[in-house]
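Per-entry structural report
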Amino acid sequence: MSGFIGELLEGVASFVSDVWLLRRQRASRGRAQNTWKEDAADIALFDIRVIGLSILALAAATLMFFVLGLPLWISLAPVAAGAVYFGYRWIALTRA
């Protein structure tokens with residue numbers, strides 16, 4: 001049970017630090033301040049998109065490698081594309 005509670009506390013701390021980091025990056029760029037509620041909603045939506053599309057990219061890479069028999073470097077293309085896309089989305093989120 002302590003492992004579950006520890007991971008739950010780690011997830012909450014990670015979420016709060018992500019919201020804090022977003023607010024600090026926006027403030028350092030001179031952007032208008034949003035409320036904590038709006039920033040938390042932005043981070044939650046970003047996290048949901050990252051988790052969902054990461055699962056899809058990993059499933060596509062697994063399918064390409066094991067079922068289609070493609071080389072590993074080609075099979076990891078969906079994962080690399082997802083990483084580039086979410087890097088771009090994080091930069092766009094901090095500029096908003």
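The structure reproduced in this document is the subject of the present report. (Residues numbered from 1 in each chain as written. Predicted model: local features only at pLDDT ≥ 70, side-chain atom pairs only at ≥ 80, totals over all residues. Heavy atoms only, no water.)

Re the overall build of the protein
- What the protein contains, in helices and strands, is four helices and zero strands.
- Of the regular secondary structure in the protein, the N- to C-terminal order runs α-α-α-α.
- A globule of 96 residues ought to have a C-alpha radius of gyration of about 12 Å, yet the protein, at 17 Å, is considerably larger.
- A buried classification covers 17% of the 96 residues belonging to the protein.
- Considering only intrachain contacts with a sequence separation of at least 6, the fraction spanning at least 24 residues in the protein is 53%.
- Summed over its atoms, the accessible surface of the protein is roughly 7,000 Å², and 71% of this surface lies on carbon and sulfur atoms.
- Averaging the locations of the 9 positively and 7 negatively charged side chains of the protein gives two centres separated by 12 Å. (Helix = DSSP H or I, 4+ residues; strand = E, 2+ residues; numbered from the N terminus. Rg over C-alpha atoms; globule rule 2.2 N^0.38 Å. Buried < 20%, exposed > 50% of the residue type's maximum accessible area, 1.4 Å probe, protein only. Contact = heavy atoms within 4.5 Å. Areas by Shrake-Rupley, 256 points an atom, 1.4 Å probe, with all protein chains shown as cover. Lys, Arg positive; Asp, Glu negative; His and termini not counted. Charge placed at Lys NZ, Arg CZ, Asp CG, Glu CD.)

A short note on a nonpolar patch on the surface
- Where nonpolar side chains cluster on the molecular surface, the patch consists of Leu-58, Leu-63, Phe-65, Phe-66, Val-67, Leu-68, Leu-70, Leu-72, Trp-73, Ile-74, Leu-76 and Val-79 and spans about 1,200 Å² of accessible area.
- Elements supplying a minimum of two residues to the nonpolar patch: helix H2 (36–67) and helix H3 (72–75).
- With five residues, H2 is the single largest residue contributor to the nonpolar patch.
- Tracing the backbone through its elements, the reader meets Leu-63 in helix H2. (Patch = residues over 30% accessible without salt bridge, like charges linked within 9 Å, V, L, I, M, F, W, Y side chains within 5 Å. Salt bridge = Lys/Arg side-chain N within 4 Å of Asp/Glu carboxyl O.)

Thoughts on the nonpolar core
- Of all hydrophobic cores here, the largest spans seven residues; its members are Val-19, Leu-22, Ile-43, Phe-46, Phe-86, Trp-90 and Leu-93.
- Looking at this core, the elements that each hand over two or more residues are helix H1 (2–28), H2 and helix H4 (77–95).
- In terms of residue count, the dominant contributor to this core is H4 (three residues).
- Ignoring sequence-local partners within four residues, the contact set of Ile-43 consists of Phe-15, Asp-18, Val-19, Leu-22, Trp-90 and Leu-93. (Core = buried A, V, L, I, M, F, W, Y, C linked by side-chain atoms within 4.5 Å.)

Concerning the packing of H1 against H2
- Following both chains from N to C, one finds H1 and H2 inclined at 115°, their axes separated by 9 Å at the closest point. The chirality of how H1 crosses H2 is right-handed. Contacts between H1 and H2 involve Phe-15, Asp-18, Val-19, Trp-20, Leu-22, Arg-23 and Arg-26 from the first element and Trp-36, Asp-39, Ala-40, Asp-42, Ile-43, Ala-44 and Asp-47 from the second.
- Its residues assigned to classes, the contact of H1 with H2 shows eight nonpolar, no polar and six charged. (Axes fitted to C-alpha atoms, helices over the stretch in contact; angles between N-to-C directions. Left-handed = near helix turned anticlockwise from the far one by under 90°. Nonpolar A, V, L, I, M, F, W, Y, C, P; charged D, E, K, R; others polar.)

With respect to the side chain of Thr-94
- Along the chain, the position of Thr-94 falls in helix H4.
- For Thr-94, a relative accessible area of 2% translates into the label buried.
- Here Ile-91 takes part through its backbone oxygen, which lies 2.9 Å from a polar atom of the side chain of Thr-94.
- If we skip the residues at most four places from it in the chain, Thr-94 touches Leu-22, Gln-25, Arg-26, Arg-29 and Arg-31. (Polar contact = N/O pair within 3.5 Å; in protein donor to acceptor, adjacent residues only side chain to side chain.)

That's the geometry; what it means functionally is another story.
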